[in-house]
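Working through the structure, step by step
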Amino acid sequence: QVQLVESGGGLVQAGDSLRLSCAASGRTASTYIMGWFRQAPGKEREFVAAISWSGRSTRYTDSVKGRFTISRDNAKNTVYLQMNSLKPEDTALYYCAAKYSSGTYVPKGGYDYWGQGTQVTVSS
């Protein structure tokens, strides 16, 4: 129904910045909460950030607060994750996710659609 494609990952040094993008296609004539998750080798997938349809409600996991910023451009059907002051601990495969909702509550789970991921590697 909805296809999500992430981009913007890469190899950077600690302290550098990256901007991830997630482009949605298909059934996009609806309202969706958009979120970012990540999974490092040997670890479970974890919630990173999410944003409501309006963009006025956001939620972040504690480890990225003050460093990452999630935003969206509904006219472009795209959500972004600006990642600053990157740390080696941020190294992971980052996934974009979407959940149908027009509300302001941004959950950490229950998402309906997932992208294939984009790799972020931060060297020390």
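Data block above holds the structure.
Structural notes, computed from the coordinates. (Residues numbered from 1 in each chain as written. Predicted model: local features only at pLDDT ≥ 70, side-chain atom pairs only at ≥ 80, totals over all residues. Heavy atoms only, no water.)

Attention now moves to the overall build of the chain. Check the secondary structure of the chain and you find zero helices and 11 strands. What you see in the chain, going N to C, is helices and strands ordered as β-β-β-β-β-β-β-β-β-β-β. Whereas a compact globule of 124 residues would reach a radius of gyration of roughly 14 Å, the chain reaches 13 Å, a difference of no more than 12%. Summarising its shape, the C-alpha atoms of the chain cover approximately 40 × 25 × 25 Å along the three principal directions. Expressed as a percentage of the 124 residues in the chain, the buried residues total 44%. Once local pairs closer than 6 in sequence are excluded, the contacts in the chain between residues at least 24 apart make up 58%. If you sum the accessible surface of the chain, you get close to 6300 Å²; carbon and sulfur atoms cover 45% of it. (Helix = DSSP H or I, 4+ residues; strand = E, 2+ residues; numbered from the N terminus. Rg over C-alpha atoms; globule rule 2.2 N^0.38 Å. Buried < 20%, exposed > 50% of the residue type's maximum accessible area, 1.4 Å probe, protein only. Contact = heavy atoms within 4.5 Å. Areas by Shrake-Rupley, 256 points an atom, 1.4 Å probe, with all protein chains shown as cover.)

This model, assessed by the stated rule, comprises six aromatic pairs. Between the aromatic rings of Tyr32 and Tyr100, the centroid separation amounts to 5.8 Å while the plane-to-plane angle is 75°, which identifies the pairing as edge-to-face. Here the residue Tyr32 occupies a position in strand β4 (residues 32-39), and Tyr100 occupies one in strand β9 (residues 92-100), the gap between them amounting to 68 residues. Of the residues examined, Tyr32 reaches a relative accessible area of 5% and is grouped as buried. The interplanar angle of 80° and the centroid separation of 5.6 Å between the aromatic rings of Phe37 and Phe47 together place this pair among those described as edge-to-face. Here Phe37 is found in strand β4, whereas its partner Phe47 is found in strand β5 (residues 46-51), with 10 residues between them in sequence. Residue class for Phe37 comes out buried when judged on its relative accessible area of 4%. Here a set of aromatic residues connected by ring pairs shows up, and it is made of Phe37, Phe47, Tyr111 and Trp114. (Phe/Tyr/Trp six-rings, centres within 6.5 Å; stacked < 30°, edge-to-face > 60°.)

Okay, the pattern of salt bridges next. For the structure shown, the criterion picks out four salt bridges. Note that Asp90 and Arg38 form a salt bridge whose closest N and O atoms lie 3.0 Å from each other. Taken as a pair, Asp90 in the loop between β8 (78-83) and β9 and Arg38 in strand β4 lie far apart in primary sequence, 52 residues in all. Per residue, the accessibility class of Asp90 equals that of Arg38, and both read buried. In this structure, Lys65 engages Asp62 in a salt bridge whose closest nitrogen and oxygen atoms are separated by 3.0 Å. No difference in accessibility class separates Lys65 from Asp62, as the two residues are exposed. Within this structure, Arg38, Glu46, Arg67 and Asp90 form a network of salt bridges that share partners. (Salt bridge = Lys/Arg side-chain N within 4 Å of Asp/Glu carboxyl O.)

Geometric values such as these leave the question of function open.
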